[in-house]
Amino acid sequence: MKRKTASLLNDPRRTRAALVMALAVIAAGSAAAETLDVNQQVSIAVAGEPPYTELKPDGTLSGAGPDIDRRSLELSGLKNFKGELIPYGAQIPAVQAKRVKVLSSGSLNIRPERCTQVNFAEPAICTSQAFLIRSDMAGKFKSYKDFAALGLKLGAGAGTLQAKDAMAAGVKKENVIPYPDTVSAVKMLQDKRIDAIALNDAGVIDMKKRSGDETLQVVMPIENTPIDCAAAAFNKDDTALRDAYNAGYKKLKDSGEYEKIMAKYGLESNYKLLASAKSAAEMCSPQ
């Protein structure tokens, strides 16, 4: 035994190999010892777009996205949550700078270019795009391309998918008018400062319902736009929290509670769209 040990020590190659193996074992043990801090405060960013996301005046999070987010994380042991109202265009920079922990699943659609900036959880809310229009605009356009050809003004949240898709279809940048919130957007439409609002389907329906204006009309889906799916998003370094979210989210769906949350906000049609959704990894892959 002594001679064999001495032989190992006298062989530089074997000594190096043994050292590498030992360090690997130590590193693996250290990684295994890392655990998620379930007592941490989890800040969830929302843009204020009912019925998907809303931050009440008293700071209470509401909407399908925050309900899904909280329950998914609660099912993985987390329990301390705080809402942050952040416009769409500022959400990714906020999570990159670690100002917030989570971008709500009711906020950003999964897109390959966004996947290079944040880590997405599995898709949670799938939607189609829609227009909200005045009656004088009825029948004039069904797509962004039609809208662009008419030279009309479109209300769309700054940095939203709708704004980007509209400009990609030819709507001039100066004709894409950002709005601070949905109430302001409807007022702009009624005052003819814009000719349509572009948003996801349920968002447009909710906007019309809350306005109480029966003359407003919904055009859905916008022709030549894809079915999109939103998901919670995390800082690239925060994989433990993302993985905990995904584990809790699976439990939420398996229990049937996810379906109840969607029904609570009148999003049964969106629930059905999820059945045909691809995985986050597939959606993040460039076509």
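Scroll up for the structure.
Residues numbered from 1 in each chain as written. Predicted model: local features only at pLDDT ≥ 70, side-chain atom pairs only at ≥ 80, totals over all residues. Heavy atoms only, no water.

### Quick look at the packing of aromatic side chains
Here comes step 1: Evaluation of the coordinates by the stated rule reveals eight aromatic pairs.
Here comes step 2: Relative to F147, the ring of F131 lies with its centre 5.9 Å away and its plane at 20 degrees, an arrangement referred to as stacked. You can see F131 sitting in strand β8 (residues 129–133) and its partner F147 sitting in helix α6 (residues 144–150), a full 16 residues away along the chain. Grouping residues by exposure puts F131 and F147 together as buried.
Here comes step 3: Geometrically, the ring pair formed by F234 and Y245 is edge-to-face, given 5.6 Å between the ring centres and 70 degrees between the ring planes. Of this pair, F234 sits in strand β14 (residues 233–234) while Y245 sits in helix α10 (residues 239–255), and the two are eleven residues apart along the sequence.
Here comes step 4: Linked through ring pairs, F234, Y245, Y249, Y258 and Y271 together constitute an aromatic cluster. (Phe/Tyr/Trp six-rings, centres within 6.5 Å; stacked < 30°, edge-to-face > 60°. Helix = DSSP H or I, 4+ residues; strand = E, 2+ residues; numbered from the N terminus. Buried < 20%, exposed > 50% of the residue type's maximum accessible area, 1.4 Å probe, protein only.)

### Examining unusual backbone geometry
The phi angle of most residues is negative, glycine excepted, and most peptide bonds adopt the trans form.
Here comes step 1: Of note, the amide linkage connecting P50 to P51 takes the cis form, showing an omega dihedral of 5 degrees.
Here comes step 2: When you line up the elements, P51 lands in the loop between β1 (41–46) and β2 (54–55).
Here comes step 3: Cis peptide bonds are those with omega within 30 degrees of zero, and the linkage from M220 to P221 qualifies with -10 degrees.
Here comes step 4: For P221, the location among the structural elements is in the loop between β12 (217–219) and β13 (228–230).
Here comes step 5: The phi torsion at N224 lies on the positive side, around 65 degrees, for a residue other than glycine.
Here comes step 6: Assignment of secondary structure puts N224 in the loop between β12 and β13.

### Regarding the sheet that holds strand β9 (residues 154–155)
Here comes step 1: The strand order across the open sheet built from five strands is β10-β9-β11-β8-β12, with neighbouring strands paired in mixed fashion. Strands with a single pairing partner mark the edges of an open sheet, and in this sheet they are β10 (176–177) and β12.
Here comes step 2: In terms of strand pairing, β8 meets β12 through three bridges, oriented antiparallel. Bridged to L132 within β12 is V218.
Here comes step 3: Here helix α9 (residues 201–211) sits on the sheet and contacts β8, β11 (196–200) and β12; the angle it forms with β11, its principal contact strand, is near 130 degrees. (Pairing = 2+ DSSP bridges. Contact = heavy atoms within 4.5 Å. Axes fitted to C-alpha atoms, helices over the stretch in contact; angles between N-to-C directions.)

### Quick look at the state of the cysteines
Here comes step 1: One pass over the full model with this rule turns up two disulfides.
Here comes step 2: Paired through a disulfide, C115 and C284 show a sulfur-sulfur distance of 2.0 Å. An S-S torsion of about -70 degrees defines the bridge between C115 and C284 as left-handed. One end of the pair, C115, is in helix α5 (residues 112–115); the other, C284, is in helix α13 (residues 280–284), with 169 residues separating them in the sequence.
Here comes step 3: What makes C284 partly exposed here is its relative accessible area of 22%.
Here comes step 4: With cysteine numbering restricted to those in disulfides and following the sequence, the protein has the pairing 1-4, 2-3. (Disulfide = S-S within 2.5 Å.)

### Let's talk about the packing of helix α3 (residues 64–74) against helix α11 (residues 257–264)
Here comes step 1: Interaxial distance between α3 and α11 falls to 9 Å at its minimum, and their mutual angle equals 155 degrees. When the axes of α3 and α11 are compared, the pair comes out roughly antiparallel. Of the two possible hands of crossing, α3 and α11 adopt the one that is right-handed. Contacts between α3 and α11 pair A64, D67, I68 and R71 from the former with E257, Y258, I261, M262 and K264 from the latter.
Here comes step 2: For the contact of α3 with α11, the per-class residue count stands at five nonpolar, no polar and four charged. (Parallel < 35°, antiparallel > 145°, perpendicular 65-115°, else oblique. Left-handed = near helix turned anticlockwise from the far one by under 90°. Nonpolar A, V, L, I, M, F, W, Y, C, P; charged D, E, K, R; others polar.)

### Considerations on the pattern of salt bridges
Side-chain pairs of opposite charge can arise whenever the charged atoms involved come near each other.
Here comes step 1: The final tally for this structure, using the stated rule, is 18 salt bridges.
Here comes step 2: R71 is the partner of E74 in a salt bridge, and the nearest nitrogen-oxygen pair spans 2.9 Å. Within this pair, E74 and its partner R71 are both found in helix α3, separated by three residues, close to a single helical turn.
Here comes step 3: The class of R71 is partly exposed, set by a relative accessible area of 25%.
Here comes step 4: Among the salt bridges present, the one from R134 reaches D136, with a minimum N-O distance of 2.9 Å.
Here comes step 5: Given a relative accessible area of 7%, R134 falls into the buried group.
Here comes step 6: Residue D136 is classed as partly exposed on the basis of its relative accessible area, which comes to 33%.
Here comes step 7: One salt-bridge network, in which partners are shared between bridges, spans E54, K56, D206 and R210. (Salt bridge = Lys/Arg side-chain N within 4 Å of Asp/Glu carboxyl O.)

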